[in-house]
Amino acid sequence: METNQSENQVSISDSQAIEEALNESTNPDFQVIRDQFPILRRNINGHPLVYLDSAASSQKPLRVLERIDRYLREQHANVHRGVHSLSIEATDAYEEARNTIAVHVGAADSSEIVFTRGTTESINLVASSWGDTFVKEGDEIILTKMEHHSNIVPWQILAERTGARLNYVDVTADGRLDMNDLDRLLERRPKLVSFTHVSNGMGTLNPVIDIVERAHAVGALTLIDGAQAAPHLQINVEELGCDFYAFSAHKMCGPTGVGALWGRRDLFEIMPPYQSGGEMISEVTLEGSRWAEVPHKFEAGTPNISGVVGFGEAVQFLNDVGLDTIAVHENSLKKYALERLTAVEGLTLYGPREERTSVFSFTYGDIHPHDLSTILDQNGIAIRAGHHCNQPLMDHFGISATARASFYLYNTHNEVDALCEGLQMAAKVFGGIA
Ligand SMILES: *Cc1c(COP(=O)(O)O)cnc(C)c1O
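The rules we used
- Residues numbered from 1 in each chain as written.
- Predicted model: local features only at pLDDT ≥ 70, side-chain atom pairs only at ≥ 80, totals over all residues.
- Heavy atoms only, no water.
- Near = heavy atom within 4 Å.
- Polar contact = N/O pair within 3.5 Å; in protein donor to acceptor, adjacent residues only side chain to side chain.
- Areas by Shrake-Rupley, 256 points an atom, 1.4 Å probe, with all protein chains shown as cover.
- Nonpolar A, V, L, I, M, F, W, Y, C, P; charged D, E, K, R; others polar.
- Core = buried A, V, L, I, M, F, W, Y, C linked by side-chain atoms within 4.5 Å.
- Buried < 20%, exposed > 50% of the residue type's maximum accessible area, 1.4 Å probe, protein only.
- Helix = DSSP H or I, 4+ residues; strand = E, 2+ residues; numbered from the N terminus.
- Domains from an automatic or database assignment.
- Contact = heavy atoms within 4.5 Å.
- Salt bridge = Lys/Arg side-chain N within 4 Å of Asp/Glu carboxyl O.
- Pairing = 2+ DSSP bridges.
- Axes fitted to C-alpha atoms, helices over the stretch in contact; angles between N-to-C directions.

### Description of the site of the ligand
The environment of the ligand is made up of T119, T120, H148, S150, T196, N200, D225, A227, Q228, S248, H250 and K251. Within the side chain of T120, one N or O atom sits 2.5 Å away from an oxygen atom of the ligand. Between the ligand and H250, the relevant distance is 2.8 Å, taken from an oxygen atom to a side-chain nitrogen or oxygen of the residue. Protein chains bury 86% of the 380 Å² of accessible surface belonging to the ligand in isolation. The residue makeup of the shell around the ligand, split by class, is one nonpolar, nine polar and two charged.

Take a look at the structure:
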């Protein structure tokens, strides 16, 4: 297989300066890390793949693939059921992953980690279990206008069921949360503030600790959608001070169909089960049933065991590289991409310049984002085009879609260049930028 362009052949001097700075400040070499992702050696449409869609789903390093493979070949049985050796081994692998993830996010205890299908299911779990129990007619819930649909629709359905009311914190022109608007809505004494740590639509990094403090000051609980933050930042739920934190494995080098909900133990204790069936009970008679202990109470049925094992390995991979090290690399990519993209005439970039991650949402002249994505794809460049499950945010900016390029630990400065060259090509195809 062909390997991608060498990191050493950066032609633009600014890029070289940044890259030199990067080489000074990071260890290990990110080319070595990149080489651990087999899919990145692919050619797409005759060009080396430039994968700039990690905000939708990240690629997987070899060790995660190998761990899942080994689990299925050598260790698989159902968990928490058998007393035979293989079942004990599978249960150990499953619970070890829970431990790894609990430690990783700074949980007080591994029982505060519930495995789900992902961020979406984690939020649905809270909306159903906590929401149906504690939210009454006339209660208020605060969301924001930059939420992913996963953090809007479950609350809309809860509001329909209960007669609760939803309010949305406004977004400023440069794509940040309007904190005055938050304060205004908090005066109404909501039950819950549920908001994203990092915007998937614009890359905005929200002041989560500040928001949690303001919410708690009026007695509201807080849920943080961490789908875009957990892959990039060292999360410590105790420091954040929140009540629930939701995230997905597949955006942080792990497999699809698995994720986690961290929640405070005292809240989990008073919440009823989310789904019911096997695994979540301690005793069933024809008259009724008793629930299993937290977290098993929330994990009905046979779970995604191989997925959970792969999730644990992905978190170990991120820890071994080091989230600090990843942040240095991503910051360098971010600075470089910001510099290059803002220099492109006719390109409108959404979101703030500071307090952001390396998710870049933009429109380019009047080229439709889908057309842009198609042209880039012909050159092997994968970006996302559409509303990114962020329709209220798109409405807020009066647009229907953007093109979105998102970077992760395996991306290079050359790929920023490739994106900009692709944009030039698209401009030619469309006979210039209007
Ligand atoms: C991807 C994403 C989700 C949904 O995650 P799933 O893994 O699809 O459940 C929710 N919120 C944000 C901010 C996201 O980026």
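### Points about the nonpolar core
In terms of nonpolar packing, the biggest core is built from 74 residues, with Y245, F247, F311 and L409 touching the most fellow members. Element by element, the count of residues in this core is highest for helix α11 (residues 305-321), at nine residues. Looking at this core, you find at least three residues from each of domain 1 (12-61 + 322-429) and domain 2 (66-319). Filtering out sequence-adjacent residues up to four positions away, L409 remains in contact with F30, I33, F37, C253, F317, V321, I326, H329 and E330. With 28 residues, the next largest nonpolar core counts V50, L341, I381 and A426 among its residues.

### A few points about the domain arrangement of the protein chain
Under the domain assignment used here, the protein chain contains domain 1 (12-61 + 322-429) and domain 2 (66-319). If you average the C-alpha positions of domain 1 and of domain 2, the two centres end up 28 Å apart. Taken together, the contacts link 35 residues of domain 1 with 36 residues of domain 2. Our enumeration of links across domain 1 and domain 2 arrives at zero salt bridges. The interface formed by domain 1 and domain 2 includes 24 residue pairs in polar contact (both at pLDDT 80 or more). Those elements giving two or more residues to the side of domain 1 that touches domain 2 turn out to be α12 (323-342), β14 (359-364) and α14 (391-396).

### A closer look at the sheet that holds strand β13 (residues 347-350)
Pairing within the open sheet is antiparallel, and its four strands lie in the order β13-β14-β17-β16. Looking at the sheet topology across the chains shown, the edges are occupied by β13 and β16 (384-386). On average, each strand axis in the sheet is inclined to that of its neighbour by 30 degrees, with strand direction left out of account. Note that β14 and strand β17 (residues 402-406) share four bridges and pair antiparallel. Bridging across to β17, V359 finds its partner in S406. Sheet contacts for helix α13 (residues 369-378): β14, β16 and β17; angle to β16, the most-contacted strand, approximately 160 degrees.

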